[in-house]
Amino acid sequence: MKKLTHDEISEKRYTLDNLHTTPKMPVYVLLNSIRSNYNVGSIFRTSDGAMIEKLYLCGYTPHPPLPGKEGKDTGKKEVLKTALGSTESVSWEYVKDPAEVINDLKKQGVKICALELTSKSKVYHEVKSSDFPLCIIVGNEITGVAQELIDLCDFSIEIPQYGIKQSLNVAVAYGIAVFEMRRIFDRTRNRKGFK
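Everything numeric here is computed off the predicted structure, so don't read it as measured data.

Student: Any chance you could explain the environment of Gln 147 here in plain terms?
Tutor: Residue placement: Gln 147 occurs in helix H7 (residues 147–150). With relative accessibility at 49%, the residue Gln 147 sits in the partly exposed group. When the C-alpha positions of Gln 147 and Thr 118 are compared, they lie 9.7 Å apart, and in sequence the two are 29 residues distant.

Student: Teacher, can you tell me more about the sheet that holds strand S4 (residues 111–115) here?
Tutor: The strands that make up a sheet are held in pairs by hydrogen bonds between backbone atoms, and each pair lies either parallel or antiparallel. On the basis of which strands lie adjacent, the open sheet formed by 7 strands has the order S3-S2-S1-S6-S4-S7-S5 and parallel pairing. Strands at the two margins of the open sheet, each flanked by one partner only, are strand S3 (92–94) and strand S5 (122–123). For strand S2 (residues 52–58) and S3, the ladder comprises 3 bridges, and the chain directions are parallel. The residue bridging Tyr 56 from the neighbouring strand is Glu 93, located in S3. The strands touched by helix H3 (residues 37–50) are strand S1 (25–32), S2 and S3; relative to S2, the strand with the most contacts, the crossing angle is about 165°. Sheet contacts for helix H6 (residues 98–107): S1, S2, S4 and strand S6 (134–138); angle to S1, the most-contacted strand, approximately 160°.

Student: Is there a simple way to think about the pairing of S4 in this case?
Tutor: Regular strands place their side chains on alternate faces of the sheet. Within S4, 4 of the 5 residues are buried, which leaves the element mostly enclosed by the surrounding structure. One ladder, built from 4 bridges, connects S4 with S6; its direction is parallel. Bridging across to S6, Ile 112 finds its partner in Cys 135. With 3 bridges connecting them, S4 and strand S7 (residues 155–158) associate as parallel partners.

Student: Help me out: how do you make sense of unusual backbone geometry in this one?
Tutor: Backbone torsion omega between Phe 132 and Pro 133 reads -5°, so that peptide bond is classified as cis. Turning to its location among the elements, Pro 133 is positioned in the loop between S5 and S6. At Ser 33, a residue that is not glycine, the phi angle is positive and equals roughly 55°. Within the element layout of this structure, Ser 33 appears in the loop between S1 and H3. For Ser 33, a relative accessible area of 13% gives the class buried. Phi at Met 51 is positive, roughly 60°, even though this residue is not glycine.

Student: What is the right way to read the nonpolar core from this model?
Tutor: Judged by nonpolar contacts, the single largest core of 37 residues is most densely connected at Phe 44, Ile 52, Leu 55, Val 138, Ile 157 and Met 181. Only S1, H3, S2, helix H4 (77–83), S4, S6, S7 and helix H8 (170–192) provide two or more residues apiece to this core. By residue number, the principal contributor to this core is H8, which donates 9 residues. Formed by 17 residues, the second largest nonpolar core is a distinct cluster that contains Val 95, Val 110, Leu 149 and Ile 150.

Student: Explain empty space enclosed by the protein to me, please; I cannot follow it from the model alone.
Tutor: To find leftover empty space, a probe the size of one water molecule is rolled over the atoms. Taken as a whole and assessed by the stated rule, the structure comprises 1 cavity of 30 Å³ or more. Estimated volume of the largest cavity: approximately 40 Å³. Considered class by class, the residues forming the lining of the largest cavity number 4 nonpolar, 2 polar and 2 charged.

Student: Honestly, a nonpolar patch on the surface in this entry has me stumped. Any pointers?
Tutor: On the surface, a nonpolar cluster with roughly 210 Å² of combined accessible area is contributed by Leu 168, Val 172 and Ile 176. When you line up the elements, Leu 168 lands in the loop between S7 and H8. The class for Leu 168 is partly exposed, based on a relative accessible area of 34%.

Student: Looking at this structure, how should I read the pattern of salt bridges?
Tutor: Pairing of side chains with opposite charge becomes possible as their charged atoms draw close. Applying the stated criterion across every chain, the model contains 7 salt bridges. A salt bridge links Lys 54 to Glu 93, with the nearest nitrogen and oxygen atoms 2.7 Å apart. Within this pair, whereas Lys 54 is found in strand S2, its partner Glu 93 is found in strand S3, the two being separated by 39 residues in sequence. Classification of Lys 54 as buried rests on a relative accessible area of 17%. Looking at Glu 93, the relative accessible area reads 32%, which means it is partly exposed. Residue Asp 131 pairs with Lys 111 through a salt bridge whose shortest N-O separation is 3.3 Å. Taken together, the residues Asp 131 in the loop between S5 and S6 and Lys 111 in strand S4 connect sequence positions 20 residues apart. Judged by its relative accessible area of 30%, Lys 111 is partly exposed. When salt bridges with common partners are traced through the structure, they connect Lys 111, Lys 122 and Asp 131 into a single cluster.

Calculation rules
- Residues numbered from 1 in each chain as written.
- Predicted model: local features only at pLDDT ≥ 70, side-chain atom pairs only at ≥ 80, totals over all residues.
- Heavy atoms only, no water.
- Helix = DSSP H or I, 4+ residues; strand = E, 2+ residues; numbered from the N terminus.
- Buried < 20%, exposed > 50% of the residue type's maximum accessible area, 1.4 Å probe, protein only.
- Pairing = 2+ DSSP bridges.
- Contact = heavy atoms within 4.5 Å.
- Axes fitted to C-alpha atoms, helices over the stretch in contact; angles between N-to-C directions.
- Core = buried A, V, L, I, M, F, W, Y, C linked by side-chain atoms within 4.5 Å.
- 1 Å grid on protein atoms, 1.4 Å probe; cavity = no way out; pocket = protein on both sides within 12 Å on 5 of 7 lines; lining within 4 Å.
- Points joined across faces, edges and corners; volume = space filled by probe spheres on them.
- Nonpolar A, V, L, I, M, F, W, Y, C, P; charged D, E, K, R; others polar.
- Patch = residues over 30% accessible without salt bridge, like charges linked within 9 Å, V, L, I, M, F, W, Y side chains within 5 Å.
- Areas by Shrake-Rupley, 256 points an atom, 1.4 Å probe, with all protein chains shown as cover.
- Salt bridge = Lys/Arg side-chain N within 4 Å of Asp/Glu carboxyl O.

Here it is, written out as structure tokens:
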């Protein structure tokens, strides 16, 4: 076993030139009122790694510069620094009202899932291939996913905690959940007819 060099790793990766023609995993992600620039940047980077369909930034979630507004302080340097260029490889959009995004996705047949502890949440690895296409809602670091958004969800998932704390950092929890969705999707996509 030998550690791969950066060049050896890059040989097996997509580039910005061919990435947008590559089919993505049918998972959308909605971030609602995330506080931390670093968490948002980390979520961008993880979203690139999992190759999600699209990332929606809602509420007061910090975001990269919006098209046509590059000179204004709409993009936080910490988001861009932590994202390491993935703001260019991940399709994203800023929409202030998360309910607008949810309702639009529902009309397209996308199931809506909160990454949140609820009275009916299921363990994250119990998601089924029939739940795709899927939108995962990730909420605020302190208050989580707002109840008015949970009311719009088809189901919720949780990551079991075994220590004294009852939650994980939002970017860490997202990473665990989205790569489990990737595993489920990759395992079943040939049977479901996904490309």
